[in-house]
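What the coordinates show
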Amino acid sequence: MKLIRLIDLPPLGDERGSLVAIEANKHIPFEVKRVYYIFGTQSGVSRGFHAHKNLHQLAVCVAGKCRMLLDDGVNKESVWLDSPTKGLLIGNNVWREMHEFSNDCVLLVLASEYYDESDYIRDYSDFIRDKK
Ligand code: T46
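Throughout what follows, the structure given in this document is the object of discussion. Everything quoted here is computed from the prediction, not taken from an experiment. (Residues numbered from 1 in each chain as written. Predicted model: local features only at pLDDT ≥ 70, side-chain atom pairs only at ≥ 80, totals over all residues. Heavy atoms only, no water.)

1. Some points on the environment of Ala111
- Relative to the helices and strands, Ala111 is located in strand β9 (residues 106-111).
- As for Ala111 and Asp123, which are separated by 12 residues in sequence, their C-alpha atoms are 21 Å apart.
- Discounting residues that sit within four places of it in the chain, Ala111 has contacts with Phe30, Glu31, Val32, Lys33, Arg34, Leu55, His56 and Gln57. (Helix = DSSP H or I, 4+ residues; strand = E, 2+ residues; numbered from the N terminus. Contact = heavy atoms within 4.5 Å.)

Below you can see the structure in the form of structure tokens.
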């Protein structure tokens, strides 16, 4: 499967400005159980550095930008999330890191499961071992 899976989120704009709608099982291939957003990330700070055992997510920078690095244990690829119309799908067992946040970055994430710390793989050597 492709590591970087981008989804186009077309703006439904008119003369007043833009609006993007994201519908579960229509624009994204899962039900949404949780929404969170990351903002105010200090300059030079990177986040993430983990994988999930059972979690599908869509990440969109609704303001500003950051660079998302994905790693499936064999290949690493990174992509700029720099538009509110560009969504990145992130599946199970993919290591993710977020770098180079702009000061105004607001990273919105739609998630298929409730928060569960036991779903996280936070140690890179455990991630590589589980992949084998
Ligand atoms: C991911 C990337 C893109 C909660 O209590 N509930 C939540 O739903 C989340 C996401 C986090 N938290 C707590 C856990 C930590 O004490 O918030 C704190 C920061 O979470 P974390 O260090 O995991 O944040 P990031 O930015 O490293 O990673 C987050 C998500 O956790 C993760 O699932 O894929 O964003």
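2. Re the sheet that holds β9
- Ordered in space as β1-β7-β4-β9-β2, the 5 strands form an open sheet in which the pairing is antiparallel. Edge positions in the sheet fall to β1 (5-8) and β2 (34-39), since each of these pairs with one other strand and no more. With direction set aside, neighbouring strand axes in the sheet form an average angle of 25°.
- In this structure, strand β4 (residues 57-63) lies alongside β9, joined through 6 bridges in antiparallel fashion. Along β9, the bridge assignment pairs Ala59 with Val109. (Pairing = 2+ DSSP bridges. Axes fitted to C-alpha atoms, helices over the stretch in contact; angles between N-to-C directions.)

No statement about biological role is implied by the geometric values presented.
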